[in-house]
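Each chain, written out:
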Amino acid sequence: MTRPDRPLEGITVLVTRPTGQGEGLCREIEAAGGRAASFTLLVIRPVDDAALRQRMQDAVDSSAAIIFISRNAAEIALRMLPEPAAFAGRTVIAAGPATREALIKGGVENVIGTDSTRASEALLDRPELDGGRIGSAGVAIIRGEGGRELLAEELTRRGARVKVVEIYRREAPSPTPEQVHALWREVRPDIVVITSATALYNLVAITADDDRPLLFGTRLAVMSERIGDIAAELGFSKPPLVAAAPSDSGLVRAIAKGAELIQYDR
């Protein structure tokens, strides 16, 4: 029987966020009594050159609304355009609380945020982006390479003049086969945290065939139902634990529900 203040007692959770972005989640897992293990599944590479900086500056200057799709987009953009005044007088919208926090920390004022795990859909529900209000205004979408097209396509359909600026790329890490094998034979996580579809695809790709039964039999804690649907299509057998809020605390609450199932099975 676990203590109410330590719901993750005896549970090992694998955190797969990019380097430098999982420490807070690991601390919350350990504070709840769990064991947190880190294994990066994504490497974030800024795409930064003079032409891209100018393209982003032009997009910001010609847009009434600036949308940041992720914390990475916010942090990298603020390094490229270090003066928060560059965004003054425009509607600044952040996809999720972590993105909003990064913008505010960087000095951007009056940031509008969303608190849904369905990022693009939640953004499209914002009254500021309603077709009747957005009209033919310019909208800049700051994101990484290969992001979902739903937001840009729908805003274009509503009449907006959309400019997409991709300022970073996601790359798969290159762990040794021995490191990946050790995940499933030594670390043996009870729950794996997956916060993007790209990370999920990378995890499956680097796992050897002999270890895939263990991988597909492990429960995932995911940031959205969309990622959970992809996991089912790939062959994961257990229903995913979906965070109710796109935050570390939201993930920990979802993990705690999974821990109850694991403790019961034991």
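The structure presented is a predicted model; accordingly, all values stated were derived computationally and were not measured.

Engineer: Whenever I open this one, the packing of helix H2 (residues 50-61) against helix H3 (residues 71-80) confuses me. Can you help?
Structural biologist: Helix packing for two helices is described by the angle between their axes and how far apart those axes are. At a minimum axis distance of 11 Å, the contact between H2 and H3 shows a crossing angle of 105°. Taken together, H2 and H3 sit at an angle that is classed as roughly perpendicular. From H2, Leu52, Arg53 and Met56 reach across to H3, where they touch Ala77, Arg79 and Met80.

Engineer: Please clarify how the layout of surface pockets should be interpreted in this entry.
Structural biologist: Here the second largest pocket is characterised by a volume of approximately 220 Å³. Forming the boundary of the second largest pocket are eleven residues, of which Pro189, Asp190, Gly217, Thr218 and Lys238 lie nearest the centre. Of the residues contributing to the lining of the second largest pocket, the split by class is four nonpolar, two polar and five charged.

Engineer: I'm lost on the sheet that holds strand E5 (residues 91-94) in this one. Help?
Structural biologist: In sheet architecture, strand pairing relies on hydrogen bonds along the backbone and comes in two forms, parallel and antiparallel. Here five strands make up an open sheet; going across it, the order is E6-E5-E4-E7-E8 and the pairing parallel. Each end of this open sheet is capped by a strand with a single partner; those strands are strand E6 (111-113) and strand E8 (161-166). Neighbour-to-neighbour, the strand axes of this sheet turn through a mean angle of 20°, independent of strand direction. The sheet contact formed by strand E4 (residues 65-68) and strand E7 (residues 138-143) spans four bridges and is parallel. Each bridged residue has a counterpart across the sheet, and for alanine 65 the counterpart in E7 is valine 139. Those strands touched by H2 are E4, E7 and E8, and its axis lies near 150° from that of E8. Relative to E6, helix H4 (residues 97-105) is tilted by about 170°, and along the sheet it contacts E4, E5 and E6.

Engineer: Honestly, unusual backbone geometry in this entry has me stumped. Any pointers?
Structural biologist: A negative phi holds for most residues other than glycine; trans holds for most peptide bonds. Unlike most non-glycine residues, asparagine 110 shows phi in positive territory, near 55°. Looking at where asparagine 110 falls in the secondary structure, it is placed in the loop between H4 and E6. A positive phi is found at arginine 188, a non-glycine position, where the angle reads about 45°. You can see arginine 188 is positioned in the loop between helix H8 (177-187) and strand E10 (191-194). The exposure class of arginine 188 is partly exposed, given its relative accessible area of 48%.

Engineer: Sorry, what's going on with the sheet that holds E10 here?
Structural biologist: Strand order across the open sheet formed by five strands is E2-E1-E10-E11-E12, with parallel pairing between neighbours. Each having just a single partner strand, strand E2 (35-38) and strand E12 (241-242) make up the two edges of the open sheet.

Engineer: Is there a simple way to think about the environment of threonine 176 in this case?
Structural biologist: Turning to its location among the elements, threonine 176 is positioned in the loop between strand E9 (168-171) and H8. Relative accessible area serves as the criterion here: at 35%, threonine 176 is assigned to the partly exposed category.

Engineer: Please explain the nonpolar core as it appears in this structure.
Structural biologist: When a protein is soluble and globular, its nonpolar side chains tend to lie buried together. With 45 residues, the main nonpolar core has Leu8, Ile29, Ile194, Leu200, Leu220, Phe236 and Ile255 as its most contacted residues. Apart from residues no more than four positions distant in its own chain, isoleucine 194 is found in contact with Thr16, Leu41, Leu200, Leu203, Leu220, Ala221, Val222, Met223 and Ile227. Residues Leu78, Ala86, Ala102 and Ile142 belong to the second largest nonpolar core, which totals 28 residues.

The rules we used
- Residues numbered from 1 in each chain as written.
- Predicted model: local features only at pLDDT ≥ 70, side-chain atom pairs only at ≥ 80, totals over all residues.
- Heavy atoms only, no water.
- Axes fitted to C-alpha atoms, helices over the stretch in contact; angles between N-to-C directions.
- Helix = DSSP H or I, 4+ residues; strand = E, 2+ residues; numbered from the N terminus.
- Parallel < 35°, antiparallel > 145°, perpendicular 65-115°, else oblique.
- Contact = heavy atoms within 4.5 Å.
- 1 Å grid on protein atoms, 1.4 Å probe; cavity = no way out; pocket = protein on both sides within 12 Å on 5 of 7 lines; lining within 4 Å.
- Points joined across faces, edges and corners; volume = space filled by probe spheres on them.
- Nonpolar A, V, L, I, M, F, W, Y, C, P; charged D, E, K, R; others polar.
- Pairing = 2+ DSSP bridges.
- Buried < 20%, exposed > 50% of the residue type's maximum accessible area, 1.4 Å probe, protein only.
- Core = buried A, V, L, I, M, F, W, Y, C linked by side-chain atoms within 4.5 Å.

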